[in-house]
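The residues making up each chain are set out below.
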Amino acid sequence: AASKRMMDVGGRRKRSGKKSKQPKTKRAKTVPTSTVPTVEQISVDVLTQLAARFWAPSSAEEHQSYNAQIIEDVYQREVQDSKFSVKRIMLLEFSQYLENYLWPNFDAEQASDGHLMSIVVLINEKFREHVPAWEAFKAIPDKVPAFFQRVLTACGDDFEDFSLKEQTVLLMFLINCFKSLEEELIREQVQRLVSLPMWTCLLPARLEMELKAVPRLKKYWSALKKRDGQMDEAARKRTDKERKFLSRLIQRFFSVLESVPANGHVDPEKVEYCTRFIELLVDLESMLPTRRFFNTMLDDAHLVIRCRLSDLSRRVSEGRLFNQMLDMLKFYSGFEINDQTGLALTDHDMLDYHYNSITSLQRAAFKHFEELQPFAMSNVASIDKRESLLKHFKPLTNATLHKIAAHLCLLPQPNADTDKEQYPTEFLLELLVSRHERRMSQIQALNEMPLYPTEEVLWDENVVPSEFFSGESCLALPKLNLQFLTLHDYLLRNLNLFRLESTYEIKEDIEDIVGRMKPWLMEDGTTGFSGWARMSQPITTFTIVEVAKPNIGENRPSRVRADIKLTLSVKTAVKAEWEALRKHDVVFLISCRMTRSMDLSKPLRERFGIAYVRGCEVQGMLDDTGKLIEENPFEPRPELEGDSRTFRVWLDTNQYQQDMAATLKGAEDVYDTFNILMRRKPKENNFKAVLETIRSLMNTECVVPDWVHDVFLGYGDPAAANYRQVSNYIETLDWNDTFLDMAHLTACFPDHVVKCTLDDPNKQAPPFRLTIPGEKGHQNETEKPTIVVEPYKIENRGPYPHDQPRKNAIPFTPTQVEAIKSGMQPGLTLVVGPPGTGKTDVAVQIISNLYHNYPNQRTLLVTHSNQALNQLFEKILELDIEERHLLRLGHGEEELETDKDFSRYGRVNFILHKRLELLAEVQRLQESLGIRGDVAYTCETAGHFFQYQVVGRWKVFMGKVQTRPGKELDVAAINKEFPFHKYFETAPQPLFKGCSYEEDMAIAEGCFKHLEKIFIQLDEFRGFELLRRGGDRTNYLLTKEAKIIAMTCTHAALKRRDMVDLNFQYDNVLMEEAAQILEIETFVPLMLQKPQDGVSRLKRMILIGDHHQLPPVIKNMAFQKFCNMEQSLFTRFVRLGVPTVELDAQGRSRASLCRLYSWRYKNLGNLPHVYRWPEYQMANPGFFYDFQLINVDDFNGQGESQPTPYFYQNLAEAEYVVAVYMYMRLQGYPAHKITVLTTYNGQKHLIRDVLKQRCGRNPFFGMPDKVTSVDRFQGQQNDYILLSLVRTRAVGHLRDVRRLVVALSRARLGLYAFARVSLFCNCYELSPAFSQLMERPLKVYLATEEMYPPRRKTDELPACNPFVVEDMPHMAHYVYQLYSKRVQEMRLRTQGVYQSVPIQPPPMEHHKEKSAVDPETRQEDNPEESENESPDEAEDEKPEEADRENPEAAEDEEGLRPSVEEDKSDPKEMVQTSDDNVS
């Protein structure tokens, strides 16, 4: 019946002109699973059947010819009649309706409105799902201009022909267009809507005033008028429609806004339209290219004032979001920037503008309006407040107010033919007052903002949405797109989003602990607690102990301190955690008030009566006498008796001042109500320090280097900061050991002519000094530029083996050399590193080359994770870099795979120890020279000894052996006269070979270099000798001694103030994992130093990352999708078109595995060793293929499941993965070479449980190297990957191609993916990879006679026929039989008899096995039981943080490594253990 209904071809769709109404829906706590269509629903759905006949690419039957009525009927019945159901639209989008049917058949002149709207709806859906939206347009770009003209007509002349819901959809399409300005195809269409010609809509007087203010624009305007006169009628009509489009759209918005009544029912579609319209205006105002001329037109329309006075704005509930959006629009419309020049305006500039505005009003009042004589003669400071302005203007008549506004070019002149009021008096008053009242500066407002979230923000869904944000609604949040107005705007948006993301996490923690505390109403009316939580305690008493006087110029207290008394009647471990609270740790005060009845249908805040939430910062714990216990790392804390503990905290002074002001107005005193104290895990609780860092940046002169300033904000030439265009290009540089030999060097510059200064091939050896002309210096484009190569010898550094320099052994590719070259030059370098292409090796070589070329410059290394930083640091240690110049900051240095401590205190200890060693060497040198005295007492005495004794002897020696004209070279004289023979007795002998003068002279000079280096180091260490305190020594190390400083971006944000106060200086910044670092976390490391004379010292900014892999982790879906907070600075630069160097050769995976993801990159190939090394030449034993996609059907009638919302699991895949892992172990694969990955945390927990049940205690199997999520495994690799894709109803977040790239690129030798093939094969975004996967059988093909290690070549077929596994029970049955065989064979071996035991073929009628773990048991743990776990275990098991459709929450997760005893067990014990596990 449905099919017949769909195919019932009728006439063209008729429009009724009535606006469709939708019932108002309440926001639910959880998103129903039916939002996403299931595979079963898709397969039987009428749209799927229709797609198979007309457009689906995977359809087996031949498509029928195009039928326009099909589009009309689909839109009418499946989109409109379903009230624009997301479920129906998702189904259409997934079937590639846009790419294969709508867009190829679109004809602007013939297409119906339904055809137009269908395209618009699907483009919006692609943006909602965060998949590439404009690919279809790029495929057929010629249709785009006409399509946009149809969209403009629909929003303009045909406005009444479309329902209000459709107009809202069109607004969302315009919003998405302006979000895509990096797409040239789209930018060409929308930029005409916001260009200078739109000023034709201004009042004539206002237009004349604006053109007079900017004479340059007056010339453009004259040229524009001249060009208009030469247009034909059709062109003039089209341009007129474009110029007046936004102005007319604003007038239509006013008509909708004014139709909202003050009381009674309001159409939710009208509210949604108005809110979306304000969102569009905010987006236009927040980007300089769209704002430049539009802001003037918006001001001329007085939209903010008219909206503020509207009935919708006055409605409390319906108008809440509208008012919040209006506040954002007001903020950006008055932003402190010059719209024409783009320059940021200072507070002084804004004050001047304000005074000029009000004095011009006074002059006009004095000259033309006698009623305002008192106003005109008043002091400016006395009349620029709202109350004063209202006092002067309120008595005036409507006509007078209108004349004043017209005189100021704000309104047209009053109509003299009528006495009727043309504008309401309220509007005229607000127009004049709002334009002339003094505004609080943005910096002042920022400094008065509390940093801790309160209950009002925590549970405001418009500001902190729930975790289940679907992307359908509008939010009052800033967006991070391509461009920013000023640095202040950049920092402010990031501050707000970072604060709100932290607020969301805090809300989750509060709701968790309050639920665990189980509050209840006691008989005396107070709230008691029957439960407990590890991270919270009931407050015994709370007392404000100090409120310090405000600082000069401020109205808030300079300091507020309070004492919190707790009774820690808990386990010893938990008590120790509370007592370990350190200075500056953030805790939260919660006021919980229970009512007599708990209504479970209410939101959690109302259910548990959470009245107030305030944050505070720990100062310390008090001892028994009430004194603060000072933190001293060298002394243990005093042990306190009893369970009572008192903590002293600092309260937020801004928040305290606001609370006290509310109390004076009759509100409750918040600080008398607190009854819960909550702490958080330290790794999640550094938000306040980061927010303070951002706020301090906004309060200081934040100087970004001039050469990158415009690119950073998103303006100008994207290539302006590239080394090819900077003015200070350096032609000659020392490339040190970058090249292995001359042939390698020549191969790395295929587009250049390489000339060497030495003709002798034997002397053409590294290191090399290269002279490469810049592009400006190379004028002849037909000839290849010439590179001059100058080989040189490294001076002999001494006779000892450790004196010899360490050399690079990596044969860099030409692209890697280009990346190194770019990094060595001043400017901005972006290196895109696909998986396995040697990003870290390139970074380390850049660091080494900078270190040797610029010994006085300092380089800052920044990464997102400690793991990446440690990998980088370990490779630096292998190069020729002095160890004393390396410094590692933060808490990850303990994970370095070296015995050396590179932390601040570790480096100080190293230097102090090294000083003693060097002084001992000085003592030995003194004794070898026979000099008396204590010259090795200090670095200073050693320096005098060097100057007067060592250098003197060396000069005498040189005078005797140096060549002079007419003097013969005496080789023996060098050995005879050398003064330091006795000291160098410990060096390899003989010291001098006596073969040639040059060789022996070089040895002698090397010996002196060795001695000189000792005294140079002692001179550098002299500061550590003079400074006695450890803190002073570490600061001296950071600011003077270290040349290469490594830290994480989090550490940089936490310690910025300390570094700036120490006058920390650096010249170069290199960031690894740059695509995984938040915008603001990338920016802060650039600002760790004070500018010198207003100029930044920074010379190089090197970002290395891969924007095709996963972005930074954002827990809240709204901030990730709506605000685009997941966008890194690296990704934004790539979107802007900044030149990149994309590495093009990988050395991780087999060539066949690389092809699965190489399509995502431009020219990704393979390094030679991928074909040459033995491990890549051998096939995977036991398997016919090195990669396979294995189809997994339902198990016991079930595919994916959700024990809790968004906690996705798939038992069939879990059992299948574990069975294949067991098979691999039985075939001899080492467990540490196998990793199990999955795309959801729920599946990760399920697989771990199955593994523990089946393999955990069995030495035959053990546990794999890791069982983790794809997101957590980014940046890591293993030989063999078993991948579970989990979903069977919808593709889910794997549709993000970046996650697919990570999943497919982790394996080196073998990848076996388990999935529901029928679901993933039709996904348009994933088709390049899945088309390759589906070329091979979808069932496991085993070579059961092969064992590990591999012996078969990759180009050879197995000797046996394939054993085809039909499904999961089949595999499990076979593994059981194989396991039984292995046990029996081992038993026979232990008895001295060996006999091969055949395996009986498993039956093909598989019984439904019972799984080792029931997925339904993976529910959330009992709160009381989980409290007994360690914090890390509790976090790892917390399902709420796992399976949202976004990059998963970062969690500390240890890899499950097999025990050391696994392969060393006694065979008898293995047999016994195995027998126990057979059943």
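Residues numbered from 1 in each chain as written. Predicted model: local features only at pLDDT ≥ 70, side-chain atom pairs only at ≥ 80, totals over all residues. Heavy atoms only, no water.

**Description of the overall build of the chain**
Put simply, the rule is: Counting from the N terminus, the helices are DSSP H or I runs at least four residues long and the strands are E runs at least two residues long. Per-residue accessibility, obtained with a 1.4 Å probe over protein chains only, is compared with the maximum for each type, and a residue is labelled buried under 20%, exposed over 50%, and partly exposed between these values. Note on contacts: a residue pair is in contact if any heavy atoms of the two residues lie within 4.5 Å. What sets the accessible areas is the Shrake-Rupley method with a 1.4 Å probe; for residues, cover comes only from the shown protein chains.
Along its length, the chain carries 61 helices and 30 strands. Across the 1479 residues of the chain, 56% fall into the buried class. Excluding contacts between residues fewer than 6 apart, the proportion of contacts in the chain whose partners are at least 24 apart in sequence is 77%. Just so you have it, the chain exposes about 65100 Å², and 50% of that area is on carbon and sulfur atoms.

**Here's the deal with the nonpolar core**
Quick note on the threshold: In these notes, a set of buried Ala, Val, Leu, Ile, Met, Phe, Trp, Tyr and Cys residues joined through side-chain atoms within 4.5 Å is what counts as a nonpolar core.
Counting residues in each nonpolar core, the largest one holds 252 residues, and the members touching the most others are F147, F253, I278, L303, F1083 and F1133. A per-element tally of this core places helix 29 (residues 487-517) first, with 14 residues. Not counting the four nearest positions on each side in its chain, F1083 is found in contact with L487, Y490, L491, L697, C702, V704 and F712. In terms of nonpolar packing, the next biggest core, distinct from the first, is built from 48 residues, Y1216, Y1223, Y1312 and M1386 among them.

**Quick look at the sheet that holds strand 7 (residues 644-651)**
Paired through backbone hydrogen bonds, the strands of a sheet run either parallel or antiparallel to each other. Threshold: Strand pairing is assigned whenever DSSP identifies at least 2 bridges connecting the two strands. Note on geometry: axes are C-alpha line fits, over the in-contact stretch for helices, and angles between N-to-C directions span 0 to 180 degrees.
The strand order 3-4-7-6-5-8 describes a closed barrel built from six strands, whose pairing is antiparallel. Averaged over all pairs of adjacent strands, the angle between strand axes in this sheet comes to 45°, irrespective of strand direction. Two elements, strand 3 (residues 536-547) and strand 8 (residues 676-679), share three bridges in a ladder whose sense is antiparallel. Within the sheet, the bridge partner assigned to Q537 lies in strand 8 and is L677.

**Thoughts on unusual backbone geometry**
Here the amide bond leading from P766 into P767 is cis, since omega sits at 5°, within 30 degrees of zero. Inspection of the secondary structure puts P767 in the loop between strand 10 (753-756) and strand 11 (768-771). Positioned with a positive phi, N736 is a non-glycine residue whose angle comes to about 50°. Given the relative accessible area of 7%, N736 is considered buried. Positive phi, normally seen in glycine, also occurs at N1196, with a value near 55°. The topology assignment puts N1196 in the loop between strand 22 (1187-1191) and strand 23 (1200-1201).

**Remarks on the packing of helix 53 (residues 1211-1226) against helix 54 (residues 1241-1254)**
Quick note on the threshold: Under this scheme an angle from 65 to 115 degrees is roughly perpendicular, one under 35 degrees roughly parallel, and one over 145 degrees roughly antiparallel; angles in between are oblique. Note on convention: near helix rotated counterclockwise from far helix by under a right angle means a left-handed crossing. Clockwise means right-handed. Side-chain classes follow a simple rule in which Ala, Val, Leu, Ile, Met, Phe, Trp, Tyr, Cys and Pro form the nonpolar group, Asp, Glu, Lys and Arg form the charged group, and the remainder, Gly included, forms the polar group.
In contact at an axis separation of 9 Å, helix 53 and helix 54 are set at 45° when each is read in the N-to-C sense. One way to sum up the angle between helix 53 and helix 54 is to call them oblique. Pair helix 53 / helix 54 crosses with right-handed handedness. Counted together, L1211, E1213, A1214, E1215, V1218, Y1221 and M1222 of helix 53 and Q1243, L1246, I1247, V1250, L1251 and R1254 of helix 54 form the full contact between these two elements. Here the residues of the contact of helix 53 with helix 54 sort into nine nonpolar, one polar and three charged.

**Quick notes on the packing of aromatic side chains**
The criterion, for reference: Stacked, tilted and edge-to-face are the three classes assigned to paired rings of Phe, Tyr and Trp, where Trp is represented by its six-membered ring and a pair needs centres within 6.5 Å; plane angles under 30 degrees give stacked, over 60 edge-to-face, the rest tilted. Only lysine NZ and arginine CZ atoms are considered, and such an atom sits over a ring when it is within 6 Å of the ring centre and within 35 degrees of the ring normal.
For the coordinates displayed, the defined rule picks out 72 aromatic pairs. An angle of 70° between the planes, with centres 5.7 Å apart, marks the rings of F127 and W134 as edge-to-face. Take F127: its relative accessible area is 19%, and that puts it in the buried class. Using a relative accessible area of 5% as the deciding quantity, one classes W134 as buried. On the numbers, 6.3 Å between centres and 15° between planes, the contact of F588 with F687 is stacked. Highlighted residues: F588 in strand 5 (residues 586-592) and F687 in helix 33 (residues 687-699), separated in sequence by 99 residues. Site record: aromatic cluster; members linked through ring pairs are Y800, F945, F946, W954, F957, F978, F980, Y983, F984, F992, F1008 and F1015. Between K479 and the ring centre of F1122, over which it is positioned, the NZ or CZ distance is 4.9 Å. In this structure, R907 packs its charged tip against the face of F910, placed 4.3 Å from the ring centre.

**A look at the sheet that holds strand 11**
Here four strands make up an open sheet; going across it, the order is 9-11-12-10 and the pairing mixed. The open sheet is flanked by strand 9 (732-736) and strand 10, the only strands paired with a single partner. Put simply, the sheet's adjacent strands are angled 30° from each other on average, direction ignored. Where strand 9 meets strand 11, four bridges bridge the pair, whose relative direction is antiparallel. The partner of N736 across the bridge, within strand 11, is F768.

**A few points about helix 13 (residues 215-229)**
Because the α-helix completes a turn every 3.6 residues, residues three or four places apart line up on one side. Let me state the cut-off plainly: Expected helix span is taken as 1.5 Å per residue step, with the number of steps being one fewer than the number of residues. The directions considered for the arc run from the helix axis to the C-beta atoms.
Compared with an ideal rise of 1.5 Å per residue, which puts 15 residues at 21 Å, helix 13 spans 22 Å between its outermost C-alpha atoms and is within 8% of the ideal. Buried residues of helix 13: L217, W221, L224 and D228, and no others. Buried positions in helix 13, seen along its axis, are confined to an arc of 60° and lie on one side of it. Counted as exposed and oriented over 90 degrees from the buried face of helix 13: P215, K219, K226 and G229. Buried positions along helix 13 lie against helix 12 (204-213), helix 14 (233-243) and helix 17 (288-301).

**Side note on the packing of helix 7 (residues 113-128) against helix 9 (residues 144-155)**
Angle between the axes and distance between the axes: these two values describe a pair of packed helices. The N-to-C vectors of helix 7 and helix 9 enclose an angle of 105°; their axes lie 11 Å apart at closest approach. On the basis of the axis angle, helix 7 is roughly perpendicular to helix 9. Residues D113, L116, I119 and V120 of helix 7 lie in contact with helix 9, whose contacting residues are F147, R150, V151 and A154. The class makeup of the residues in the contact of helix 7 with helix 9 is six nonpolar, no polar and two charged.

**Details of the pairing of strand 5**
Counting buried residues along strand 5, seven of its seven residues qualify, which places the element largely inside the surrounding structure. The side-chain alternation of strand 5 yields two buried faces, one formed by V586, F588, I590 and C592 and the other by V587, L589 and S591. As paired elements, strand 5 and strand 6 (residues 610-621) share seven bridges and run antiparallel to each other. Bridging from a neighbouring strand, F588 pairs with G615 of strand 6. Of the strand pairs in this sheet, strand 5 and strand 8 are connected by four bridges, and their pairing is antiparallel. Looking at strand 8, one finds that F588 is bridged to M678.

**A look at helix 12**
Every buried residue belonging to helix 12 is among R206, L207, E210 and L211, and all of these are buried. Looking straight down helix 12, one finds its buried side chains confined to an arc of 130°; they lie on one side. Set apart from the buried face of helix 12 by more than 90 degrees, the exposed residues are P204, E208, K212 and A213.

**Notes on the environment of E467**
Checked against the element boundaries, E467 lands in the loop between helix 28 (455-458) and helix 29. Separated by 649 residues in the primary sequence, E467 and N1116 have C-alpha atoms spaced 5.5 Å apart.

**A word on the pattern of salt bridges**
The following threshold applies: We define a salt bridge as a contact between a side-chain nitrogen of Lys or Arg and a carboxyl oxygen of Asp or Glu at a distance within 4 Å.
Within the structure shown, the criterion is met by 82 salt bridges. Taking the shortest distance from any N to any O, the salt bridge between D113 and R150 comes out at 3.1 Å. Of this pair, D113 sits in helix 7 while R150 sits in helix 9, and the two are 37 residues apart along the sequence. Note that E285 and R291 form a salt bridge whose closest N and O atoms lie 3.8 Å from each other. Here the two residues E285 and R291 agree in accessibility, since each one is buried.

**Some points on the state of the cysteines**
For clarity, the threshold we go by: Defined by distance alone, a disulfide is two cysteine sulfur atoms within 2.5 Å.
Following the criterion strictly, the structure yields zero disulfides and no others. No disulfide involves C307; its sulfur sits 7.6 Å from that of C274, the nearest cysteine.

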